[in-house]
Amino acid sequence: VRVAALIPAAGSGTRLGLGPKAFVEVAGRSLLGRSAAALAPHVDEVLVALPAGLELPADVTARTVTGGDTRQTSVLALLRATDAEVVLVHDAARPFLPGAVVRAVIAAAREIGAATAALPVADTLVRAGPGGDWGTLTPRERLWAVQTPQGFRRDVLLAAHEAALTDGFAATDDAGLIARTGGAVRLVPGDARLFKVTTPGDLALAQALAPVWDA
Ligand code: C5P
């Protein structure tokens, strides 16, 4: 296998409150089904990490592994289940994935070993004080919000994961594990539609976007 899509979909969806999030449907299709279908044309195989005891939704064809307690351990299980040269890690919870972003991330991963979709921050950023009021302004210059997909040479990402496991280091994404070990990560312009469905408000946005996306 040359390129594999790895989809961590083993989260419990606590903040959304509708059961395991990857199985939640938007306009008749599961979040996982939408993510897998967007990736499949660009890769040689699709691998999904599922919550223990659950099977794939009917609208998804993929090889599966059982996920771990955290996103990080779910991705490590996926990495160990493939021999692909390049892997693309993508959250099931980001169902609207433009093909141009997938192609750009794969190309950058091949070129420098690690890459992620990301967007320059548009809002003013402030760290709140202990009481929740305005604390410290953070200049947004050169700040990017990190999305997925993220692309890696598999050997590079596996080494970073194993080092993080040994050191007890936890990260919320995979590119962060590469950066921690001093590796270069290319920022590839992502897309506003790649937002992660996390809260009920995000689900409402996804429901509004789906008919336009599907048309
Ligand atoms: O919780 P969060 O929205 O950050 O999760 C991001 C992605 O990681 C989701 O697609 C979720 O299903 C996945 N995940 C996982 N295993 C976990 C926790 C989260 O595969 N234990």
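Structure: above.
So, here is what we can say about the structure in this document. (Residues numbered from 1 in each chain as written. Predicted model: local features only at pLDDT ≥ 70, side-chain atom pairs only at ≥ 80, totals over all residues.)

## Regarding the sheet that holds strand E4 (residues 45-50)
Thought 1: The strand order across the open sheet formed by 7 strands is E5-E4-E1-E6-E10-E7-E11, and the pairing between neighbours is mixed. Edge positions in the sheet fall to strand E5 (63-66) and strand E11 (186-189), since each has one partner strand and no second. On average, adjacent strands in this sheet sit at an angle of 30° to one another, irrespective of strand direction.
Thought 2: Judged from the 4 bridges that link them, strand E6 (residues 86-89) and strand E10 (residues 144-153) form a sheet pairing that is antiparallel. In the strand pairing of E10, Val87 is matched with Phe152.
Thought 3: Of the strands in this sheet, strand E1 (3-8), E4, E5 and E6 are in contact with helix H2 (residues 71-80), which crosses E1 at around 150°. (Pairing = 2+ DSSP bridges. Helix = DSSP H or I, 4+ residues; strand = E, 2+ residues; numbered from the N terminus. Axes fitted to C-alpha atoms, helices over the stretch in contact; angles between N-to-C directions. Contact = placed C-beta atoms within 7 Å.)

## So, the site of the ligand
Thought 1: Surrounding the ligand, one finds 18 residues, the nearest of these being Pro8, Ala10, Gly11, Ser74 and Ala92.
Thought 2: Looking at the shell around the ligand residue by residue, the classes come out as 7 nonpolar, 6 polar and 5 charged. (Near = placed C-beta within 6 Å. Nonpolar A, V, L, I, M, F, W, Y, C, P; charged D, E, K, R; others polar.)

## Overview of H2
Thought 1: Most of H2 is tucked away: 7 of the 10 residues are buried.
Thought 2: Check the buried side of H2 and you find it contacts E1, E4, E5, E6 and helix H4 (154-167). (Buried ≥ 20, exposed ≤ 12 C-beta atoms within 10 Å, placed from the backbone.)

## Focus: the nonpolar core
Thought 1: If you look at the biggest cluster of nonpolar residues, it comprises 58 residues, and the most contacted ones within it are Leu6, Leu32, Val48, Val87 and Leu88.
Thought 2: Once residues lying within four places of it in the same chain are set aside, the contact partners of Leu88 are Val3, Ala5, Leu6, Leu39, Val43, Val105, Ile106, Pro149 and Gly151. (Core = buried A, V, L, I, M, F, W, Y, C linked by C-beta atoms within 7 Å.)

## A word on the pairing of E1
Each regular strand carries side chains that alternate between the two faces of the sheet.
Thought 1: The element E1 is extensively covered by neighbouring structure, given that 6 of its 6 residues are classed as buried.
Thought 2: Side chains Val3, Ala5 and Ile7 of E1 all project onto a buried face; the interleaved residues Ala4, Leu6 and Pro8 project onto the opposite face, where all are buried too.
Thought 3: Bridging between E1 and E6 involves 4 bridges; their strand directions are parallel. Residue pairing for E6: Ala4 is matched across the bridge by Val87.
Thought 4: Here E1 pairs with E4 via 5 bridges, running parallel.

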